[in-house]
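Breakdown of the fold
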Amino acid sequence: MATPPEETPFVHEMRTRCHAEGSVLWVRDGELGVFDPEAAQKIHALNFSDLTLPDKLADLLRGRRGSPVSWKEVRTAWLSQLRRLSDAEAVARLAARMSELLEERLDRPLDWVWVAQEVCSQALVPTVVTGLKPTDVSRVLRDQTLKLTQLLAIGPGRDTLWQELRAIWIQVGAGSAVRRELRGRATGRRPRQLDLADPIVELLPVLGMDRAVDAVTAVLTAIAGPPGAAATCLLYELTRRPEWAQRLARELSPLKLEDFYSAPTRVAPVTHRFVKETLRMWGPPMFMTRLARTDIQLEQASLKTGQRYYVSPYLVHHAPEHWKDPDAFDPDRWLADAPHGPCSGASYVPFGWAPTTCIGAGLGTAQLMLLCHLMCTRYRLQLSAPEEVRMMLANVALPLGFTGTLTRR
Ligand code: HEM
């Protein structure tokens with residue numbers, strides 16, 4: 001039998017209380033845990049029904065109400081740009097960037113929790129904002145590293161004042177790099193680009209510069225964490241399951257790259273099932289907290305504006321009421337008629353809940369498929385001490401002792 005994962009005290013408490021008390025529970029005063037699939041769907045839909053951006057900080061400080069800006073409009077603009085960023089050429093460019101980053105990390109023992117994060121997030125940066133000067137790229141990458149350090153920390157830990165000031169300095173640096181790029185494009189001094197910053201240039205008159213910068217940095221934050229955490233878990237499963245690695249290699253090796261890049265999930269269904277199951281087993285983040293933007297009435301409890309709620313893809317994906325044998329990793333549960341598949345759409349939420357579901361679900365899935373392709377056909381990851389690797393559930397699921405050396409096949 002597989003060893004159960006280790007857990008931080010908070011994960012342990014939520015998991016055990018969820019089993020004992022039911023899947024909607026008070027985490028502490030004024031903070032509700034909503035771990036039931038339907039209730040999570042409902043609370044998120046009610047909370048974000050207006051889908052507007054909050055007031056600008058400058059307006060809040062001056063006690064002014066800004067005019068509401070539609071987040072839906074921003075999302076729609078991104079989603080249509082992402083359709084262009086997911087065509088075969090763009091996916092091939094993403095694969096080339098991932099491969100380049102892997103090549104730089106060949107032939108020496110490294111911590112693959114970090115390598116997977118660096119490879120995924122750095123390869124995605126040009127999708128979000130491209131054309132930056134090298135000093136501005138460094139500013140953005142320093143900010144990504146800071147966010148990853150916070151995400152991958154185990155346990156609460158408190159930053160010193162110096163660390164907090166440094167973090168603010170780094171964030172301001174990344175924000176100013178984005179601001180320069182947006183202003184440059186808006187004034188015609190810098191060329192327009194095929195990236196997610198570009199639709200924001202169009203929306204500048206509606207958003208204003210501060211909100212525009214916030215929108216682009218929100219996507220930079222979104223790519224520094226979940227994609228790499230999912231990739232780490234994918235590598236964890238691949239290294240533990242040589243029979244699946246071989247099955248994937250048999251499917252992926254004969255594929256023509258142009259076919260794979262244009263429709264990875266269609267031409268490689270076994271690999272797609274493996275990716276889906278990795279996201280079910282270990283999909284990041286463990287918990288998300290949201291502020292109630294309005295009073296919310298659920299069947300099981302009610303929340304007042306300003307109180308908080310927690311949701312958790314992990315707890316939804318591991319609920320025995322909704323999944324048969326939820327703790328077993330089995331990509332074949334995604335076969336059409338498998339008896340142990342999801343019992344409803346609400347019980348599989350690796351990309352969160354409407355109306356703020358992940359805009360990068362398609363691209364994120366494609367990136368994980370590319371990683372399978374690279375790791376099963378071009379490279380080999382040899383762990384230094386496979387028997388010592390153990391899974392830890394903290395802010396995300398992360399394998400401890402996951403050190404290994406990458407070589408070319
Ligand atoms: C496997 C990879 C990924 C995973 C597991 C993932 C997961 C998530 C999750 C759980 C959320 C929260 C949704 C909610 O509020 O309920 C989210 C939001 C978001 N993700 Fe992803 N994500 C991935 C890749 C990406 C990529 C590649 C991009 C950008 C190209 C991206 C951009 C975003 C953005 C902008 C949001 C915020 C959406 C909003 O607030 O409206 N994500 N993601």
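See the structure above.
Bear in mind that the values here come from a model prediction, so they are computed numbers and not experimental data.

Topic: the overall build of the protein chain
- Helix and strand counts for the protein chain stand at 17 helices and 14 strands.
- Rg of the C-alpha trace for the protein chain: 21 Å, near the compact-globule value of 22 Å for 409 residues, within the 12% margin.
- C-alpha extents for the protein chain along the principal axes are approximately 60 × 55 × 45 Å.
- Across the 409 residues of the protein chain, 37% fall into the buried class.

Comments concerning helix H2 (residues 37–47)
- Taken as a whole, H2 has its buried residues at Pro 37, Ala 39, Ala 40, Gln 41, Ile 43, His 44 and Asn 47.
- Where H2 is buried, its residues touch strand S2 (24–28), strand S3 (31–34), strand S7 (288–291), strand S8 (296–297), strand S10 (308–311) and helix H16 (313–317).

Some words on the site of the ligand
- As a matter of local geometry, the ligand sits amid 24 residues, with Ala 222, Gly 352, Cys 358, Gly 360 and Gly 364 nearest to it.
- Counting residues per element, the ones that place at least two in the shell around the ligand are helix H6 (112–128), helix H10 (204–223), helix H11 (226–240) and helix H17 (361–378).
- Here the shell around the ligand gets four residues from one element, more than from any other, and that element is H10.
- In terms of residue class, the shell around the ligand is made up of 16 nonpolar, seven polar and one charged.

Some remarks on the nonpolar core
- Counting residues in each nonpolar core, the largest one holds 92 residues, and the members touching the most others are Val 34, Val 128, Val 216, Leu 234 and Cys 372.
- Ignoring anything within four residues of it in the chain, the contact list for Leu 234 reads Val 275, Thr 278, Leu 368, Leu 371 and Cys 372.

Concerning the environment of Trp 114
- Along the chain, Trp 114 turns up in helix H6.
- Once the C-alpha coordinates of Trp 114 and Phe 402 are considered, the two residues, 288 residues apart in sequence, prove to be 9.5 Å apart.

Brief notes about the sheet that holds strand S11 (residues 379–383)
- On the basis of which strands lie adjacent, the open sheet formed by three strands has the order S6-S14-S11 and antiparallel pairing. The open sheet has two free edges, formed respectively by strand S6 (109–111) and S11, since each of these has just one partner strand. Each neighbouring strand pair of the sheet contributes to a mean axis angle of 40°, computed without reference to strand direction.
- Across five bridges, S11 lies against strand S14 (residues 403–408) in antiparallel orientation. Paired with Leu 381 across the strands is Leu 406, a residue of S14.

Some words on the sheet that holds S3
- Read across the sheet, four strands follow the order S2-S3-S10-S7 without closing on themselves; strand pairing throughout is mixed. Strands with a single pairing partner mark the edges of an open sheet, and in this sheet they are S2 and S7. Strand-to-strand twist across the sheet, computed as the mean angle between neighbouring axes with direction ignored, equals 30°.
- Bridge analysis of S3 against S10 gives three bridges, and the strand direction is parallel. By the bridge assignment, Gly 33 is partnered in S10 with Tyr 310.

What about unusual backbone geometry?
- For the bond running from Pro 284 to Pro 285, omega is -15°, close enough to zero to count as cis.
- With respect to the element layout, Pro 285 can be found in the loop between helix H15 (269–282) and S7.
- The peptide bond linking Ala 354 to Pro 355 adopts the cis configuration, its omega dihedral lying at 5°.
- For Pro 355, the location among the structural elements is in the loop between H16 and H17.
- A positive phi angle, close to 65°, is found at Asp 107, a residue other than glycine.
- On the secondary structure map, Asp 107 appears in the loop between helix H5 (88–103) and S6.

Side note on the packing of H6 against helix H7 (residues 134–152)
- One way to put it is that H6 packs onto H7 with a least axis distance of 11 Å and a crossing angle of 140°. Here H6 is positioned oblique relative to H7, judged by the angle of their axes. The element H6 and its partner H7 pack so that their crossing is right-handed. Counting all contacts with H6, which are made through Val 113, Gln 117, Ser 121, Gln 122 and Val 125, the residues of H7 involved are Val 140, Leu 141, Gln 144, Leu 148 and Leu 152.
- Tallied by class, the residues present in the contact of H6 with H7 amount to six nonpolar, four polar and no charged.

Some remarks on the packing of H7 against helix H8 (residues 161–186)
- Their axes nearest at 8 Å, the elements H7 and H8 cross at an angle of 140°. Relative to H8, H7 is oriented oblique. The crossing of H7 and H8 is left-handed. Within the contact between the two elements, H7 uses Asp 136, Arg 139, Val 140, Arg 142, Asp 143 and Leu 146 and H8 uses Ala 167, Ile 170, Gln 171, Gly 173, Ala 174, Ala 177 and Arg 180.

Thresholds, definitions, all that
- Residues numbered from 1 in each chain as written.
- Predicted model: local features only at pLDDT ≥ 70, side-chain atom pairs only at ≥ 80, totals over all residues.
- Helix = DSSP H or I, 4+ residues; strand = E, 2+ residues; numbered from the N terminus.
- Rg over C-alpha atoms; globule rule 2.2 N^0.38 Å.
- Buried ≥ 20, exposed ≤ 12 C-beta atoms within 10 Å, placed from the backbone.
- Contact = placed C-beta atoms within 7 Å.
- Near = placed C-beta within 6 Å.
- Nonpolar A, V, L, I, M, F, W, Y, C, P; charged D, E, K, R; others polar.
- Core = buried A, V, L, I, M, F, W, Y, C linked by C-beta atoms within 7 Å.
- Pairing = 2+ DSSP bridges.
- Axes fitted to C-alpha atoms, helices over the stretch in contact; angles between N-to-C directions.
- Parallel < 35°, antiparallel > 145°, perpendicular 65-115°, else oblique.
- Left-handed = near helix turned anticlockwise from the far one by under 90°.

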